[in-house]
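Below are the chains, spelled out letter by letter.
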Amino acid sequence: MLHARRQEPPPDLAGVPACAVCWMTVTGRAPRIRAEWARRLLRRGANRPALLAEAKELPPQQLQQLLQHLDQFGQIAALTSGGHFPSLETLGQALPDGSLRTDLNGELNWVIALALNGRAKLGRILELKSEFETLLFCGSFVEARAKLQAVTEGYGYSLWAVESELLLVELEQGAAARQQLLAEILGRASASLTRVAITFVGMRLREEVSAAQFDRDVLAFLKTLSDTPPDPDFVFAVRSLLNFPSIQEWDAEGLAYAISLYEPLALVDRYLLSLQVLRVLLAHPQLYPNRAQLLGHVRRFVDIAPYEEALQLARFTRAGSPKVSPLQDRIVSIADLYTVGQYETTTRKCVALLDEAPDVLELAELYARAGSFCVAAVVAPANRLALEITRQLTTTILGLSGAALASQRLASLGYRYRATRLGARLVVAATEPGTTSAAARTMRFLVGTAPSAWSVSCFQDSRSAKAFLDDLRTSFPNSASTLLFASLGETLPATTLHWLTSNVPAGRYKKYQALARERGGDVTEAIRLLRDVVVSEPQTTITWMDASLQLMRMLRATGDVQDAVVVAAALYVHKPESLSRAELSALASVAPAPLATTECHVSYAILLYVSQKATRGTLDPSELFPAIVGALRAFGVRRASQIDPTLVTFPKQLIFFLGTVCASEALDWSTDFVDSHDLENERIEICRVLQRLDGDNSSAHAEEIDRRTKAAAIRRVMQAATVSKVYVDTDGIRRSLGPELADGFHELSQVGSLERTFVTVFKELSKPHSTTLSAVDRLLAAENRLVRTIARGFTVFQDLFESIKHRFIASDEYGLDSYLSVRIRHGTLAGYLRGTFERRDLVTRKSGEDGNYNLNERWFVDEPADISARANKLLAGFSGRVDQIIEQVKDSWVQIRSDSRPVGFFDFAYSAADLRRIYMALPPLPDEESLLGVMLDELWSRTEACLTKLRAAITTELAEEFMVALDDLDAGIRGISGPASLSVLNAIATSRTEIQNELSMVAMWFDINDVSGLADYDLGVAVDAAVGMVRRSHNDRFDPEIDISGTHVLRGSSLHQVLDICFILLENIVRHSGQPNPVARFSIRLVDGRLRIIARNQIPVVVDEMALSEVGRQLEARASAPLPEGVKTEGGSGYGKLGKILRHDLQSVDSRVSVVVADGTFQVTVDIPFSRLGALH
Amino acid sequence: MRVLIVEDDPNKRRQLRQAVEATAQGVAVREATSYRSGMVALDEWRPDIVLLDMTLPTFDVTATDSGGRTRIFGGRDVLLEMQRNGLKARVFLVTQFESFGEGSKRRTLKELGEELASTFPDVFRGTIYYHPAQSDWKVEVDRALRGGAQ
């Protein structure tokens, strides 16, 4: 039951003396008054909550006496201590007439008094708790269980006991057992507070729930309790109850509420909460301004029980003379070994002690620090918990890569162990590295196990600091660590000082001296000392890191930003996570100009980069670029790859600068790079420099070079496939002509010979002196013979030309039309043009069921139905229009004009006059090859003329058609008001530019291909290029698994065929697998001199495999037919085209195509003699 | 007067050139089609007026080059580099987009213009909304060339 905080005394207290405090402070009357108080509480109708609340404000001693007195009265005792040791069934049940909440002083007063009152039992519980936890940490689960049982059987249940039992089961038997136990406990627990708490405990114990997520869940739960926003203090209190160690922001009211909220819980729960509250109050003095009163609470708290967790409270406040436990003594002695530089021994002793006490984070920290000085690998703890903690703590303390993640793991571990003493320690240890606040330092001290001289920095005034050190010197006489710190603030005997300077490593000694100098106001000397340390210490050590951090902070504080930047960059590249985000941002935000040195320029660029990544998560190259330019200028070069690494004294920084800062998206701000290839080459050149400079990561740089080189190769191959798709296999034509060419040439030669004879005679007879009749007769006869001979020759020429032309344009095997079909009309053109609009979600595909265009799933989805319907109608109309334009291009433009198809840009009609002109212009031809060459030249010339017109039409007429379609869509969308309209208009505007670029590229397809100029290529690159082409034309999410055994370099002349084969196989998967994102595998194997290309994809379960097998057989037959079918028609599988490529383009009659449908997969295998591909190796 | 058109859309570029040539006598027009070629032309040719697109490829798109990274705010990048390098010209942003960005980060053309005017007061002179099927923008271009306020 929760109580609202009372501001005024309740009315029935009116008869009570005005001030209970005054009432009780008359010492002589105290016994009588205690009796009177008891009577009032017992009186029928008494306002007991108010009376108890009043009691919370009593001076501690009197309150203590009162509670002891009330214990005599059973009814009243139930009010004050009845629920301190409850059963699981009664845990969390509100006490009858529990008290009202007061302020933090009152709540602390009350709970400490209650704990003191029940100290005997509580002390024993705490003792058992400590033993249980040690056993738990050491993995002695059976013994741990016995301890826990001893608590619950002897002293009742508590939230702590429940949580500990759940943790124990989790560690011992796993999550399922923990869940089962949780259900059992929830079945027994009846109080709603307990049930809620335990439910959340169960959630927290799951490893995958982070502290932040858990806190969000708690808040979400609280919101479900009421429609109105809950009281912030109540929210805070519940969060405290469920998630104490992870809360970062505190308020006094909330803490008071938390203590009062715990009222129905067991005394041990209330004690543990109070311990945490007191730690928070000591670390955050502003929460409790009355310091004397707070220290009074702490002193009384420490008196409750000799609980080791409270020892540090006593040490911090110097409450009495704190005892030194044997464990503390051992920890301090190991710390002393570290102080005097015995690093191997330190790590060894840490490991030995950690196996006994894995929860002592001081040991884990010493282990990490000492390890940074050890050259040889150090032995790791055997205890699994200690191993995990030391591993993560080493990463965070040394600021290594992954420190942020390691911190999260520590926090997560602490969260899991929240009920134990380890929980708070781990959460504090996980605090962001670099946090230097006094609160963080104090909290670190308070949750610790042993006092450390390093903690002197928790004390803000020198008197407290000295008192603390004196206290330590009393507890740990001759401790080197304490002496070291003492030497910084006071004059030690010369022998002691000599011993220190002889035994403490110089770097560490100087580092602390610098601290002392800084405290004493001599910052210049402090900086000088730290510079010495930074220069002399190895950069792997913690001393170097600490000194660098201190130096950087001092330089910043003194305004020497440039040096601070240099130190910070060095820190970053050696200890990437040693600097906090705040420090990085602060340094990077300082105006950089004018930077003095090259190192300063490079360092600034590094910090800017790191700061952007850390604070924004992304790069802002616009800011980074000037910093890079500044660094390059300082080096005296224009390009980063021109830097001579041998001249650089800061190689690690240069490696980071070149490898990471000089990213392509920053470099591309420079106009020094003429195109994207130039930029890409620069990155490759930078990697080459890095290979020399950064030998440790040479393979990584080589990998980047390979990756970029391969990407460039793929782009080149795709470009080669894009630049020209027009092709005629003239060699094939030549082979197919056979004797026809030879016969034709022979006849033409004879005709030509006669022609020459007749021309000679004719010329002779035409001379003026030959004017006799007989001469005239002979002249006429000769002319007649000449005309007939020429006519015969022309007929021979015409027949042969028509035959060759037919092959040139219409041959299924070699002709232009079949290539236009395979490479352009068959899906490619539609894919490319449609793809432009698909990427902007302006077009959808037709549904297979009703032939209508699918609804647009990007735009207007959340708009009202009428708007959505109108928009979809417009977009469907646009889809139809785009398809119509594409069909028109395929059917009417990219076609060879003929009698049966009187449209098309490829017009190969030759009139008799055209042919006669060609014939008459024939030069003397030495052989039939020359004759064929002349005819092919003519045909290519005509082809080029057609292509010129087609290219122009594509970039003008076709572009205009798309522009008009987009304008119409634009106008339609403007008529629809809706939030999506603006986005659609933007997509339309973007498409305008993109479709023009796309059309420019499509126009390039219609260039004449010269395969002899194609470079040799890697088969893997060609496959990647084919995948890229399918992605671009059909589905940019298509991602087949590629598996190619070995490296195969092939002659450039086979590139188009290989691309076409791969494209057809892959495109079939995308188009016909029946899945939007098909799962596919594409593998290539070289087996016995034959290349086996296997394309396999999964088939949906709804597909009838038998029926599909039949389809597969048909496809196999189509691809294997000696005379390919369908090579000039589009829309099918393209398998006829596949067969044509294999048998005719590659002249590989023994190639095989097989299709297998089995076990939910569709597999096509193409088997080609490797030699047919022009294999080089 | 020298007018530089930095625009990657061929149709828009052609229309802009026609509009510029129709407006002013003796005007010299040069075209650039990317961030990079725009910057080079600015540096080498020192135009008086720049008609600048907002979204630009980094490099010129050619038969052998896809143009590198597409800069959504390439026009702003050009302005930023002009400012850094002390390049002076009267710059007008000519765009087909009425808004920029998505969701809560969406800005209207007017808002973007105000932002650019405040960030680049020395060079930025205003925005012109271009639409291929409309002609209002031609009036704006005419006014820009004649030095009128935008």
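Residues numbered from 1 in each chain as written. Chains lettered and ligands numbered in written order. Predicted model: local features only at pLDDT ≥ 70, side-chain atom pairs only at ≥ 80, totals over all residues. Heavy atoms only, no water.

S.K.: An account of the overall build of chain A is needed here, citing residue identities and associated values.
M.R.: When helices and strands are counted, chain A shows 51 helices and 7 strands. Classification of the 1177 residues of chain A by burial places 55% in the buried group. Taking all contacts inside chain A whose residues are at least 6 apart in sequence as the whole, residues at least 24 apart take part in 70%. A total accessible area of about 50000 Å² is found for chain A, and carbon and sulfur atoms account for 53% of it. (Helix = DSSP H or I, 4+ residues; strand = E, 2+ residues; numbered from the N terminus. Buried < 20%, exposed > 50% of the residue type's maximum accessible area, 1.4 Å probe, protein only. Contact = heavy atoms within 4.5 Å. Areas by Shrake-Rupley, 256 points an atom, 1.4 Å probe, with all protein chains shown as cover.)

S.K.: How would you summarise the sheet that holds strand S6 (residues 90–95) of chain B if you had to cite specific residues and measurements?
M.R.: Residues and elements named next belong to chain B. An order of S2-S1-S3-S6-S9 is seen for the 5 strands of this open sheet, with the pairing classed as parallel. Across the chains shown, the open sheet's two edge strands, defined by having one partner strand only, are strand S2 (28–32) and strand S9 (124–129). Taking each pair of neighbouring strands and ignoring which way they run, the sheet shows an average axis angle of 20 degrees. Here strand S1 (residues 2–6) runs beside strand S3 (residues 49–52); their pairing, made up of 4 bridges, is parallel. Of the residues in S3, the one forming a bridge with Val3 is Ile49. Sitting on the sheet, helix H1 (residues 10–23) touches S1, S2, S3 and S6, and the angle it makes with S2 is about 170 degrees. (Pairing = 2+ DSSP bridges. Axes fitted to C-alpha atoms, helices over the stretch in contact; angles between N-to-C directions.)

S.K.: Run through the interface of chain A and chain B, naming residues and quoting values.
M.R.: With 32 residues of chain A at the contact, the number on the chain B side is 30 residues. Summed over both partners, the interface of chain A with chain B comes to about 2700 Å²; 49% of that surface belongs to carbon and sulfur atoms. Glu98(B) is the partner of Arg974(A) in a salt bridge, and the nearest nitrogen-oxygen pair spans 2.7 Å. For the interface between chain A and chain B, the tally reads 18 residue pairs in polar contact (both at pLDDT 80 or more). Looking at the side of chain A that touches chain B, the elements that each hand over two or more residues are helix H34 (621–635), helix H37 (676–693), helix H38 (698–723), helix H46 (928–974) and helix H47 (979–1005) of chain A. Split by residue class, the side of chain A that touches chain B holds 13 nonpolar, 11 polar and 8 charged. (Buried area = accessible area lost by both parts, 1.4 Å probe. Salt bridge = Lys/Arg side-chain N within 4 Å of Asp/Glu carboxyl O. Polar contact = N/O pair within 3.5 Å; in protein donor to acceptor, adjacent residues only side chain to side chain. Nonpolar A, V, L, I, M, F, W, Y, C, P; charged D, E, K, R; others polar.)

S.K.: Describe the nonpolar core, listing the residues and the values that go with them.
M.R.: Residues and elements named next belong to chain A. Ranked by size, the top nonpolar core spans 228 residues in total, and within it Phe657 and Leu658 carry the most contacts. For this core, the leading source of residues is helix H15 (residues 267–283), giving 12 residues. Excluding its chain neighbours within four sequence positions, the residues that come into contact with Leu658 are Ala640, Ile643, Arg683, Ile686, Val689, Leu690 and Leu693. In terms of nonpolar packing, the next biggest core, distinct from the first, is built from 131 residues, Leu737, Leu999, Met1029 and Ile1064 among them. (Core = buried A, V, L, I, M, F, W, Y, C linked by side-chain atoms within 4.5 Å.)

S.K.: So what's going on with helix H4 (residues 109–119) of chain B? Which residues, and what values?
M.R.: All names here are of chain B. Within H4, burial applies to Leu109, Leu112, Gly113 and Leu116. Axial view of H4: buried residues confined to an arc of 100 degrees, hence all on one face. Exposed and facing more than 90 degrees away from the buried side of H4 are Lys110 and Ser118. Its buried side turned inward, H4 meets helix H3 (74–85), S6, strand S7 (99–100), strand S8 (107–108) and S9. (Arc of directions from axis to C-beta.)

S.K.: Now, about the packing of helix H42 (residues 816–825) of chain A against helix H51 (residues 1135–1145) of chain A: what can you tell me, with residues and values included?
M.R.: Residue and element names in this part refer to chain A. Packing of H42 against H51 brings their axes to within 11 Å, and their N-to-C directions diverge by 130 degrees. In terms of their interaxial angle, H42 and H51 are classed as oblique. In this structure, H42 crosses over H51, and the sense of that crossing is left-handed. Together, Ser818, Tyr819, Ser821 and Val822 of H42 and Lys1137, Lys1140, Ile1141 and Asp1145 of H51 make up the contact between the two elements. Grouping the amino acids of the contact of H42 with H51 by side-chain chemistry returns 3 nonpolar, 2 polar and 3 charged. (Parallel < 35°, antiparallel > 145°, perpendicular 65-115°, else oblique. Left-handed = near helix turned anticlockwise from the far one by under 90°.)

S.K.: Kindly report on the packing of aromatic side chains, identifying the contributing residues and their values.
M.R.: Residue and element names in this part refer to chain A. Scanning the model with the defined rule gives 30 aromatic pairs over all chains in all. An angle of 65 degrees between the planes, with centres 5.9 Å apart, marks the rings of Tyr271 and Tyr307 as edge-to-face. With Tyr271 in helix H15 and Tyr307 in the loop between helix H16 (291–304) and helix H17 (311–317), this pair connects stretches of sequence that are 36 residues apart. Taken individually, Tyr271 and Tyr307 each receive the classification buried, so the pair is uniform in this respect. Between Phe837 and Phe878, the aromatic rings sit 5.3 Å apart at their centres with planes inclined by 90 degrees, giving edge-to-face as the arrangement. (Phe/Tyr/Trp six-rings, centres within 6.5 Å; stacked < 30°, edge-to-face > 60°.)

S.K.: Break down the pattern of salt bridges for me, with residues and values.
M.R.: If you walk through the whole model with that rule in mind, you get 83 salt bridges over all chains. Put simply, Asp883(A) and Arg834(A) hold a salt bridge, and the shortest N to O gap is 2.6 Å. Here the residue Asp883(A) occupies a position in helix H44 (residues 865–893), and Arg834(A) occupies one in helix H43 (residues 828–839), the gap between them amounting to 49 residues. For the residue pair Asp883(A) and Arg834(A), the accessibility class agrees, reading buried in each case. In this structure, Arg46(B) engages Asp43(B) in a salt bridge whose closest nitrogen and oxygen atoms are separated by 3.2 Å. Residue Arg46(B) is classed as partly exposed on the basis of its relative accessible area, which comes to 46%. Note on Asp43(B): relative accessible area 43%, which makes it partly exposed. In the salt-bridge network here, residues are joined through shared partners; they are Lys129(A), Glu133(A), Arg279(A), Glu308(A), Glu309(A), Asp359(A), Arg421(A) and Arg425(A).

S.K.: Outline the pairing of S2(B), supporting the account with residue identities and numerical values.
M.R.: Residue and element names in this part refer to chain B. The pairing of S1 with S2 spans 5 bridges and is classified as parallel. The partner of Ile5 across the bridge, within S2, is Glu31. A crossover links S1 with its parallel partner S2, the connecting element being H1, and its sense is right-handed. (Right-handed = clockwise from strand over helix to strand, strands pointing away.)

S.K.: Go over the pairing of S6(B), please, and point to the residues and values.
M.R.: Strand residues, when the strand is regular, have side chains that alternate between the two faces of the sheet. Residue and element names in this part refer to chain B. By the criterion of burial, S6 is predominantly enclosed, with 5 of the 6 residues buried. By the bridge criterion, 4 bridges tie S3 to S6 in an arrangement that is parallel. Counterpart to Leu52 in the pairing with S6 is Leu93. The pairing of S6 with S9 spans 5 bridges and is classified as parallel. Counted as the bridge partner of Val94 is Ile128 from S9.

S.K.: Give me the confidence of the model for chain B: which residues, what numbers.
M.R.: Residues at a pLDDT of 70 or more form 98% of chain B, whose mean pLDDT is 91. S7(B) is the least confidently modelled element of chain B, averaging 84 in pLDDT, while helix H2 (residues 35–45) of chain B averages 97, the highest of any element. (pLDDT = per-residue confidence, 0-100.)

S.K.: Quick one: what's the story with helix H7 (residues 119–137) of chain A, residue by residue and with numbers?
M.R.: Residue and element names in this part refer to chain A. Taking 1.5 Å per residue, 19 residues should reach 27 Å; H7 reaches 26 Å between its end C-alpha atoms and fits that length. Listing the buried residues of H7 in full gives Leu122, Gly123, Ile125, Leu126, Leu128, Lys129, Ser130, Phe132, Glu133, Leu136 and Phe137. Positioned one or two residues after H7, Gly139 has a phi angle of 80 degrees, which is positive. (Expected span 1.5 Å × (residues − 1).)

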